[in-house]
Amino acid sequence: MSGAQPENSTGRKGKAVCALLLATSMFALLRPTALHAQETELRGEVSESAILSDQQRKARQLALAAQGQQPANAAQDNAPARTYLPASAGAVPDDADTGDATATGSLFDPPAATDDTSADTAAPPKPRRRSSTARQNAADQAKDKAADKSKKKKSTADTTDITASTTASTTDATDGEETDTDTANRRALTIDSADRQKLDPGAERTDAIEGQKKKPEDDPFAATGVKWGSFVIRPTIEQGLTATSNGDSSSAGKSALLSETALRFSAASDWRENSATIDGYGRFRETVSGYPVHDEQGRIEGQLNVDLDNELRAIAKLGYEAVPESASSPDAIAGVSKQPLRQTIDGSLAVEKHLGKMQYTLTGAVSHDFYGDAKLSDGTSLSQKDQDSTLYTATLRTGYEISPALTPFTEIEVGRRTYDQRIDNEGFERSSTRLGARAGLALDMGEKLSGEFSAGWLREAIDDKNLDAISGATVNADLKWSPERGTTIGLTGRTTVEPTTTSGESGNILYSGRLTGERQIRANLTANAALGLDWRDYIGIDGHDRVLSAEAGLTWWLNRYAGLTTRVRTEKLTSNLPGRDYTANSIFLGVKVQR
């Protein structure tokens, strides 16, 4: 008896403990708790616009925090997104809890912490009254509207990039909130906006070319030229009247009023490596009143420069000239109404080679002269075929460049002149062999001084033993000097052998010299002057001619294309041979047009 009682007491105590634990468990299960999903508003569908709006807000807050700025209107910038409205009314409280100072207003914020650290569940929600029917209807309408906007935004996001989607979603999310219009329309800040630096002033956009100050032209009245293919052509025409005391510059010439027309042109290529130039002129004179004069002459020539390999350079020239025989020429025919027309076709090919400071040039040239018939006063003509001839020459030039500005040189020339008619009308064999040598100096000092001059000896031995050889000293020069800007002084000299078909005469040597000056007084006013001296030495007879000439001119440009020009000229020939002296004075006034 006594042993069984303790066992019954212990069993009753165990049953009591089990009953207590069971009651406690039931009490815990029956305790009312709020669902965490409802507290954080994650139950049901969440619109994409709300998510993007939340991301936009966080980006702004991060940018402001990085800049150290605290917005004064944080309540407006941090305005919460539209509250989630569940399908069943009364699932969430009507008023949000704004007492938590650490909440950011995001849908993804964790539940608020409680004082009880051991609590596993969130604090129970505040008691609220049930929503009225009107409030429930308004909530349903707002929900439908949000669902429609969400569907439209999803279709737009499929066809645009993430930046455009973010901006458009932010705009849609703020359409329903009139109080947050200014904040939603503000441009979103980028993550690297705080690191942006001010643009370097050197990289700023410059003004347009048209607005910049233009550099003044060196010669505003120079011809602009006409583009034709790969060439630039600059034509010039001059028309005026010439009053002269000697119409044809002869011993028998008389005063006349002449109409004079001059055409000139120059063409230059704009090729990248090689170059070519073409120059030409034509002059026509016709009597208006007084001594009868009918004069036509012209020339055209071209030059081609080609750079070859191994520092080789080729220069080719070709020209044509038609000039009537001058009345003052030794071969002029007396008593004719029109002198014969002399035509010349000439060409040359030169090859230049540079070896260190040594310069070598080999040139081959051909020149063919043929004459027309002379018209006599009685209407008949006189043939001049016995004067037709061809000159072949070869010249070797060797130079040594002392400096870039000075290059002395020597030349050796050999040639042969052949007549189409081996024996002329007087029975002489006029063909001859040519030999010459020269030494000179080439200058290259830029625009200040450039050109060359030389002196030497030339001899032409005629095949007919009854005629003396034509020989004599030679002088050639072509220099340009500019003492100051706008002023150019030129000096040219040339020695020419003039054969003849006059009976018993071999020919003559003509020395020609000309000094020219040009001064640009103003941009549209140019003055020029020239002095000339010619000396002709006859071979086989004791005779000589001396010609002195002087000329001055002025050109006033009205604009870039037209101007007025005038010139005064005087010329006097003195000879120890009878019937050759004459004096001619003339004045010209005309209009000059260029392009």
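Being a predicted model, the structure only gives us computed values, none of them experimental. (Residues numbered from 1 in each chain as written. Predicted model: local features only at pLDDT ≥ 70, side-chain atom pairs only at ≥ 80, totals over all residues. Heavy atoms only, no water.)

1. A short note on the side chain of Q343
At step 1: Here Q343 is to be found in strand β8 (residues 341–355).
At step 2: Within polar-contact distance, the side chain of Q343 engages the side chain of Y320 at 2.5 Å.
At step 3: Those residues in contact with Q343 that lie beyond four places of it in its chain are Y320, E321, A322, H368, D369 and F370. (Helix = DSSP H or I, 4+ residues; strand = E, 2+ residues; numbered from the N terminus. Polar contact = N/O pair within 3.5 Å; in protein donor to acceptor, adjacent residues only side chain to side chain. Contact = heavy atoms within 4.5 Å.)

2. Examining the sheet that holds strand β11 (residues 381–382)
At step 1: Pairing is antiparallel in the open sheet, where 3 strands are placed in the order β7-β10-β11. Taken across any chain shown, the strands that pair with only one partner, and hence form the sheet edges, are β7 (336–338) and β11.
At step 2: As judged from the 2 bridges shared by strand β10 (residues 374–376) and β11, these two strands associate in the antiparallel manner. Bridge pairing in β11 places K375 opposite S381. (Pairing = 2+ DSSP bridges.)

3. Things to note about the pattern of salt bridges
At step 1: Overall, the coordinates contain 28 salt bridges when judged by the stated rule.
At step 2: For R567, the salt bridge identified is with E238, shortest N-O distance 3.1 Å. Of the two residues, R567 is situated in strand β21 (residues 562–575) and E238 in strand β2 (residues 231–244); the sequence distance between them amounts to 329 residues.
At step 3: According to the relative accessible area criterion, E238 is buried, its value standing at 6%.
At step 4: With a shortest N-O distance of 2.8 Å, D463 and R416 are connected by a salt bridge. Taken together, the residues D463 in the loop between β15 (449–462) and β16 (470–481) and R416 in strand β13 (residues 406–419) connect sequence positions 47 residues apart.
At step 5: Classification of D463 by relative accessible area gives partly exposed; the value is 29%.
At step 6: Relative accessible area serves as the criterion here: at 30%, R416 is assigned to the partly exposed category. (Salt bridge = Lys/Arg side-chain N within 4 Å of Asp/Glu carboxyl O. Buried < 20%, exposed > 50% of the residue type's maximum accessible area, 1.4 Å probe, protein only.)

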